[in-house]
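# Fold and contact review
So the chains spell out like this:
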Amino acid sequence: MKSPSRFLEENRRTLGISVVLLICLLMVRFIVTISDFLSINLPMRTFMGIDVLFIFILPPVILFITADKMDLETSFFLPFIIYGLVYPVCYAFFLDPLALLVYPKYYVPYLIGGIGLGLIGLAGNKYQSEFGKSMIMFTLGITIILLNAVNIIPVFYYVVTGDITPLLSIPDLL
Amino acid sequence: MKNVKTGVVLLALLLAGMAIAPIVCAEEISAVTLNANATVTKYGGIIESKAMGSDFPVKNGYLTRKEFADLNAAYFDLVRQRSGLNQSALDKIIDQEYNKGSKSLAPMTSSTVIQIENKDIYMWPWSNTLPVTSSSSGSVNLIFYGKTHGQMDTYMRNNALNLFHTGIGLGEFGYRGSSAGSMGWTITGAAAQLEYGSYYTSRYHLVLLDGLYSSVMNKDWTYGNCHHEYWSDSGHTHYLYAHGEDQGRAFVDSSIPSSITRNYLNLNNYDSGWADGYGLRYIMA
């Protein structure tokens, strides 16, 4: 039986990446919570910009950079479990956990997104040894993420240009 | 062995997240537990409404853009304040909403119209972001006798047990009339958009629609839809909770004192997974 400190030492890297990834994904919730607490109205473009940055840009970058020092399995399953399970569970606690956690449909987009992020982790892992395979997996991962959250395209356009028109095509946004 | 350790670490993270998140969560909304079978008999049974075909003429004419913008001026002003949009961006929203409406303000083709309790109250039991009945955005689940739209809005803001406040929401259309031959569209203004909770987290979104005056009852009436929805950071839009329409109705029900008489009405607007097809009718005055 290893001591907790020994265990943490051996898994420090995995633990660190997991924490960074999870905090990154939950950063939008922290910001919304703080702004609600301080009664600050977040402008929509600012909110969307923060959302795009912390949910769609930073996680793939963090994974791609750090995955090369992971095991092959870990490089896929770590982002898959963090995005597909841990993140939605934590997210639900910011909203209405009793209603969301027992609702199977709630998890579906996160699990699909987790597969996309997992493929990006694999791409990062294989980048040094098998560049071609790495690029194919990266492209596949990004494609899955985009198809899974198709609203990101009008939102990204709005954040960059300030043009509201594409946002109006998103159902139930307003 | 290493994978097992990784799994243990991830599980520990999960548990830590579950413990920490509620502590920092600022917006707590109690869940409404729903038992559809129990709720529909809670107030002594269901009053059947009369459903009929709806090849009725539409009496309303087209709004000009100015009329449309004036009608929704307060709402668009609210959108501007909340979203930080400039006037030019706001004009685009107004144009887009106006064009959607003016293009589609056409006679109904097929739908169901409900006569409520054999009174001079007729309605298409859905709301929609467009004045068409070929699609819908919500099931009507609330009817209030004895109050106009404005009075009901004031009541929910100031007198309800759970106080609602102004929220962002696109204009919603309803279709109602005093008789089968005088159906007409109505659109919500700013006052109709009420919420309990907040836009970027989780909210009960109450959309009130203008009713009419009932000469049979000698009272005004108004109606609407309340649903329970949450914001998804990764989906960039709102999603309904499971049975979100029924949860919304139950929440409004819990917000109105028990001294006010209420009954369930069969509104024939069942929507699988979201709405059980019943609405609550309140006698407010």
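Quick caveat, the model's predicted, so the values are computed rather than measured. Counting of residues starts from 1 at the beginning of each chain's written sequence and follows it residue by residue. Key to labels: chains lettered from A, ligands numbered from 1, both in the order written. Owing to the predicted nature of the model, reporting of local features is limited to residues with pLDDT of at least 70; listing and counting of side-chain atom pairs is limited to 80 or more, with chain, interface and lining totals taken over all residues.

## Quick notes on the overall build of chain A
What counts here: Helix numbering and strand numbering both begin at the N terminus, where a helix is a DSSP run of H or I of at least 4 residues and a strand a DSSP run of E of at least 2. Each residue is classed by its C-beta neighbour count within 10 Å, where at least 20 other C-beta atoms makes it buried, 12 or fewer makes it exposed, and intermediate counts make it partly exposed; the C-beta atoms are placed from backbone geometry. By definition, residue pairs are in contact when their C-beta atoms, positioned from the backbone, come within 7 Å.
Looking only at helices and strands, chain A features eight helices and zero strands. Put simply, chain A runs from its N terminus to its C terminus through helices and strands in the order α-α-α-α-α-α-α-α. Once the C-alpha set of chain A is aligned to its principal axes, its extents read approximately 50 × 40 × 30 Å. The buried share of chain A, taken over its 174 residues, is 45%. Considering only contacts within chain A whose residues lie at least 6 apart along the sequence, 70% involve residues at least 24 apart.

## Looking at the packing of helix H3 (residues 44–66) of chain A against helix H8 (residues 152–161) of chain A
Residue and element names in this part refer to chain A. Operational definition: Helix axes use the C-alpha atoms of the stretch in contact, all axes being lines fitted to C-alpha atoms, and the angles between their N-to-C directions lie in the range 0 to 180 degrees. In what follows, roughly perpendicular refers to angles from 65 to 115 degrees, roughly parallel to angles under 35, roughly antiparallel to angles over 145, and oblique to any angle outside these ranges. By convention, the crossing between two helices is left-handed when the near helix turns anticlockwise from the far helix through less than a right angle, and right-handed when the turn is clockwise.
Here H3 crosses H8 at 125°, and the two axes come no closer than 9 Å. Comparing the axis directions of H3 and H8 gives the class oblique. In this structure, H3 crosses over H8, and the sense of that crossing is left-handed. The residues of H8 that touch H3, namely those facing Arg45, Met48, Gly49, Val52 and Phe56, are Ile152, Val155, Phe156, Tyr158 and Val159.

## A few points about unusual backbone geometry
Residue and element names in this part refer to chain B. Backbone geometry at Asn218 places phi at a positive 60°, although glycine is not the residue there. Note on placement: Asn218 falls in the loop between strand E12 (213–214) and strand E13 (219–232). You can call Asn218 exposed: it has 8 C-beta atoms within 10 Å. In this structure, His236 takes a positive phi of about 55° despite not being glycine. The class for His236 is buried, based on 24 C-beta atoms found within 10 Å.

## Remarks on the environment of Leu53 of chain A
Here Leu53 of chain A is to be found in helix H3. C-alpha of Leu53 of chain A to C-alpha of Leu25 of chain A: the two residues are 28 residues apart in sequence and 9.5 Å apart in space.

## Section: the confidence of the model for chain B
Interpretation of this model should avoid reading the predicted coordinates in detail wherever pLDDT is low. All names here are of chain B. How we decide: For every residue, the predictor reports its confidence as pLDDT, a number between 0 and 100.
In the predicted model, chain B carries a mean pLDDT of 74, and 66% of its residues have values of at least 70. Per-element averaging of pLDDT across chain B places helix H2 (residues 36–39) at the bottom with 38 and strand E6 (residues 142–145) at the top with 96. For the stretch residues 51–61, pLDDT sits under 50, and the model shows 25 contacts to residues farther than four places along the chain or on other chains. Residue range residues 102–110 is modelled with pLDDT below 50. Its contacts to residues more than four positions away, or to other chains, number 13 contacts. Interface scoring of the predicted complex returns ipTM 0.86; its pTM is 0.74.

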